[in-house]
Amino acid sequence: MPGLLRGVARTAVVAGTATAVSHRVSRRQAGRWAQQDADRQVAYRQDVAAPPPAAPGAPQSAADEMTSKIDQLKQLGDLKAQGVLTEEEFADQKRQVLG
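Here's what I pulled together on the structure shown here. Not measured: the values here are computed from a predicted model. As a convention, each chain's residues are numbered from 1 in the sequence order in which they are written. It should be noted that, the model being predicted, local features are given only for residues of pLDDT at least 70 and side-chain atom pairs only at 80 or more, the latter also being counted only at that level, while totals for whole chains, interfaces and linings use all residues. To get the side-chain values, all heavy atoms of the structure are used, and hydrogens and water are removed first.

**Considerations on the packing of helix α2 (residues 62-82) against helix α3 (residues 87-98)**
Filter applied, for reference: Orientation is described by lines fitted to C-alpha atoms, with helices fitted over the stretch in contact, and by angles between N-to-C directions that extend from 0 to 180 degrees. Labels follow the DSSP assignment, with helices taken as runs of H or I lasting at least four residues and strands as runs of E lasting at least two, numbered in each case from the N terminus. For classification purposes, angles smaller than 35 degrees are called roughly parallel, those larger than 145 roughly antiparallel, those between 65 and 115 roughly perpendicular, and all remaining angles oblique. The criterion used for residue contact is that any of the two residues' heavy atoms lie within 4.5 Å. Polar here means any residue outside two lists: the nonpolar Ala, Val, Leu, Ile, Met, Phe, Trp, Tyr, Cys and Pro, and the charged Asp, Glu, Lys and Arg; Gly therefore counts as polar.
One way to put it is that α2 packs onto α3 with a least axis distance of 10 Å and a crossing angle of 175 degrees. In terms of their interaxial angle, α2 and α3 are classed as roughly antiparallel. Side by side, α2 and α3 meet where K69, Q72, L73, L76, G77 and K80 of the first sit next to E87, F90, Q93, K94, V97 and L98 of the second. Classifying every residue of the contact of α2 with α3 gives 5 nonpolar, 3 polar and 4 charged.

**Comments concerning the packing of aromatic side chains**
Stated precisely, the cut-off is as follows: Pairing of aromatic rings covers Phe, Tyr and the six-membered ring of Trp, with a centre-to-centre limit of 6.5 Å; geometry is then stacked below 30 degrees between planes, edge-to-face above 60, and tilted otherwise. Either the NZ atom of lysine or the CZ atom of arginine qualifies as a charge over a ring when it sits within 6 Å of the ring centre and within 35 degrees of the ring normal.
Under the criterion given, the structure shown has 0 aromatic pairs. Sitting above the plane of the F90 ring, K80 keeps its charged end 5.0 Å from the centroid.

**What about the environment of V42?**
Here is the rule: Remark: exposure states derive from per-residue accessible area (1.4 Å probe, protein chains only) relative to the maximum for the residue type, with buried under 20%, exposed over 50%, and partly exposed in between.
Along the chain, the position of V42 falls in helix α1 (residues 2-49). Note on V42: relative accessible area 47%, which makes it partly exposed. Once the C-alpha coordinates of V42 and V84 are considered, the two residues, 42 residues apart in sequence, prove to be 9.7 Å apart.

Laid out in structure tokens, this is it:
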């Protein structure tokens, strides 16, 4: 009987340790994924915030320029609706597009 009790106790300790280690690994991995997501959002916002410069040798007509501005404003509106841009970021970008 003492051997059986010792075996059960050992199994409980091993199982408890394995569970604790598993939870710690899961939390650490979730933290890494959260950091990667945050880094991607920052990079994405920087890409969106800096619109590509216009080609120096290609003058645009007024209609093409207006269409381009409208498309940019639609994209900014979509990003704001998705929660990627805050109200202030949206207003700054809108001023840049229209200014």
